[in-house]
Amino acid sequence: MHLLLLLRCKTEALVAPLKHFKLRFCHSLCSSSNPFPAFNKPDPFVHPDPPTIYRLLKQRPPLSQLKQIHAHLIAHAVSTDTSLTDSLIHCYLSIKNITCARALFDHYPSPSPPILIWNLMIRAYSKIHNSVDSINLFRYMITIEHLVRVSPDMYTFTFVITACSQQISKFHGGIVHGMVMKSGCESNLHVGNSVINMYCVFGEMDNAHKVFDEMSQRDVFSWTSLVCGYAKHREMDRACEIFDLMPARNAVSWGVMISGFVGCGRYTEALNLFHDMLSDDHKLNPNEAALVCVLSACAHLGALDQGKWIHVYIDKNGISESSNISTALIDMYAKCGMLDCASRIFNSISQPDVLNFTSIISGLSVHGRGKDAMRIFSQMLSENVKPNEITILGVLNGCSHSGLVDEGSSIFYNMESLWGIVPKIEHYGCYIDLLSRAGHLERALRVVESMPFPPDIVTWRALLSACRIHRDLVLGEKILNHIVQLQSTGHCGGKVLLSNLYASLGKWEGVSQVRKLMGGRNGESSPGCSWIEVNGIVHEFRVDDQIHPQIVAIQYKLKEILKRASLGGYIANTMPVSFDLSEEDKEQAVAWHSEKLAVAFGLMSTGPAFAIRIVKNLRTCDDCHSALKAISKVFDREIIVRDRSRFHTFKEGICSCSDYW
């Protein structure tokens, strides 16, 4: 039924706003210099005429007043005025009340609304994520009767293509692009930009680049959209080519490139590009997205000095520490081993949100401070901040590294009923890791077998890694049967673990059989790699590194370090070596692990007052763990290592993990 008729029928709802409406204008009347106007002259305040109402609507009144005006128009039969209807639609859309706007649109006083109103409605729907209403309204627009049909213009196409880019497929976008070409609007800058963006969203980079090449006019948005498309789909070399050709760049262009490098794991390049941005002739200020991304790069590299410099830059330039920036700073300091700085930032936030809580909980967890993570989690719940699925992962991870089996079990089994979070495979993986580390291997296996979805290689690897730690060969071989079933997908990292388990028990026939099963493929697991920051420069070392320009001096220094460490009680642990070699060759094999090379370089390059901070891509092996404990004691240096799963702080011959990792 017509909205206006509905409103007219609801007498009580209509009279009340009209009374307020009249009283408001009567108040203005009484406050005027002439309280008794002539009776034969209509009072525009008691019975406002269309021009008066139009001026009121141009002021974009709030919803309550807007409904009063709307009710007045209905009561005084002014609702057929198209200009007033247009203004009402404008007003409703300005306060995001699209339902009332659509009701007016559907019962427009003339046969068809003007193109401006069509565009307003299509644009409003295009701002609703994943909504198909823009596309449906556009379809209706081009299929209504010819006599009242309105032809789409460049604004129509811009808005509807924006809506197409939010759909799950490019089907609608391709059709609309065809219509753009037929209409002659493809030369319009804004239409072209929306088409480029649409194709980039769906990874159709050839089509996006073709549209870009055919544009007679381009602006910074055209260039940035193309760069963003390549960066989003991890084609960073191509993105760099386009970026270098840009005639002008803005903060968004730089931010897109920095984000792209971080997304591809090219963190050093992200940092370098950030510094290039700051030294650019145009003196651009990085936006929030760029700052968050570059802090993430520092976090991944463990680049504390650069992270501190960026924090100072934020403070000096008066950049507001939004929730996202605060979260990124907490994450950066925590992952660089400065948990006290991370805690200070968290404690300075007056009302922490779920992102802030999650960041500090995850930071405490990777440092093995599970009880502190649980304390912050309890604080979060007491402040009525609802956890998300990442928060639960952080808490479970903290329980895992601290052996808090009961606490972790309670959270895992109650997460759905208490917080509405359905456990995903990552949550199962964390819980299985918790049980496995604590030695509950059979219980962990039962959890794996009861999962509502097939376990992935990461799940089996966590269980198999625990078999190696607890030297449970029987269960390890049982798990191998499950890993073999995943072989067709190319996931064979678990076989490497089983091979290492056989090797640790001296069962070289088993090692040989597993390696045959692996088919001789040696590229299944990532090579050990460690990073250390010295004087603001991040140095990378790989196992048995031969690339670093100072590698000869580093190897010589490492031999000297290990010799002194042996005087402090270090004995090479060759169990991790999965080849049947002589004991001397095994000792040589473990000697050149990447973190040992990084420590040697750190001792060469820094003074005795500086802690040595290292980031490693894999789990620290037993031998390196023993060596670093001895080195920290003999050289009286604090050594902080962040491996794939947690932090290890070595000081005076003791590790913060208490040998539980």
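Placed above this text is the structure.
Caption draft 1: Representation of the sheet that holds strand S2 (residues 537–542) within the structure. A sheet is described by the order of its strands in space; here 6 strands give the open sequence S2-S1-S3-S4-S5-S6, paired in mixed fashion. Among the strands making up the open sheet, the edge pair consists of S2 and strand S6 (654–655). Pairing analysis gives 4 bridges linking strand S4 (residues 639–642) to strand S5 (residues 647–651), with the strands arranged antiparallel. When the bridges of S5 are listed, Ile640 appears paired with Thr649.

Caption draft 2: Here's a closer look at the pattern of salt bridges. The full count for this structure, using the stated rule, is 15 salt bridges. In this structure, Arg437 engages Asp433 in a salt bridge whose closest nitrogen and oxygen atoms are separated by 2.7 Å. You can see Arg437 and its partner Asp433 sitting in helix H25 (residues 425–437), 4 residues apart, about one turn around the helix. For the residue pair Arg437 and Asp433, the accessibility class agrees, reading buried in each case. Glu595 is the partner of Lys616 in a salt bridge, and the nearest nitrogen-oxygen pair spans 2.8 Å. With Lys616 in strand S3 (residues 612–616) and Glu595 in helix H33 (residues 594–605), the pair connects residues that are 21 residues apart, well separated along the chain. Given the relative accessible area of 0%, Glu595 is considered buried. When salt bridges that share partners are traced, they join Asp237, Arg266 and Glu269 into one network.

Caption draft 3: View of the packing of aromatic side chains. Under the criterion given, the structure shown has 15 aromatic pairs. Ring geometry for Phe412 versus Tyr413: centroids 5.1 Å apart, planes at 80°, classification edge-to-face. Centre to centre, the rings of Phe541 and Phe601 are 5.6 Å apart; their planes meet at 50°, and the pair counts as tilted. In this pair, Phe541 is assigned in strand S2 and Phe601 in helix H33, connecting sequence segments 60 residues apart. In this pair, the class of Phe541 matches that of Phe601, namely buried. Among the aromatic residues, ring-to-ring pairing joins Phe412, Tyr413, Tyr428, Tyr431 and Phe453 into one connected group. Positioned over the ring face of Phe635 is Arg564, at 4.2 Å from the centre of the ring.

Cut-offs used in this document
- Residues numbered from 1 in each chain as written.
- Predicted model: local features only at pLDDT ≥ 70, side-chain atom pairs only at ≥ 80, totals over all residues.
- Heavy atoms only, no water.
- Pairing = 2+ DSSP bridges.
- Helix = DSSP H or I, 4+ residues; strand = E, 2+ residues; numbered from the N terminus.
- Salt bridge = Lys/Arg side-chain N within 4 Å of Asp/Glu carboxyl O.
- Buried < 20%, exposed > 50% of the residue type's maximum accessible area, 1.4 Å probe, protein only.
- Phe/Tyr/Trp six-rings, centres within 6.5 Å; stacked < 30°, edge-to-face > 60°.
- Lys NZ or Arg CZ within 6 Å of the ring centre and 35° of its normal.

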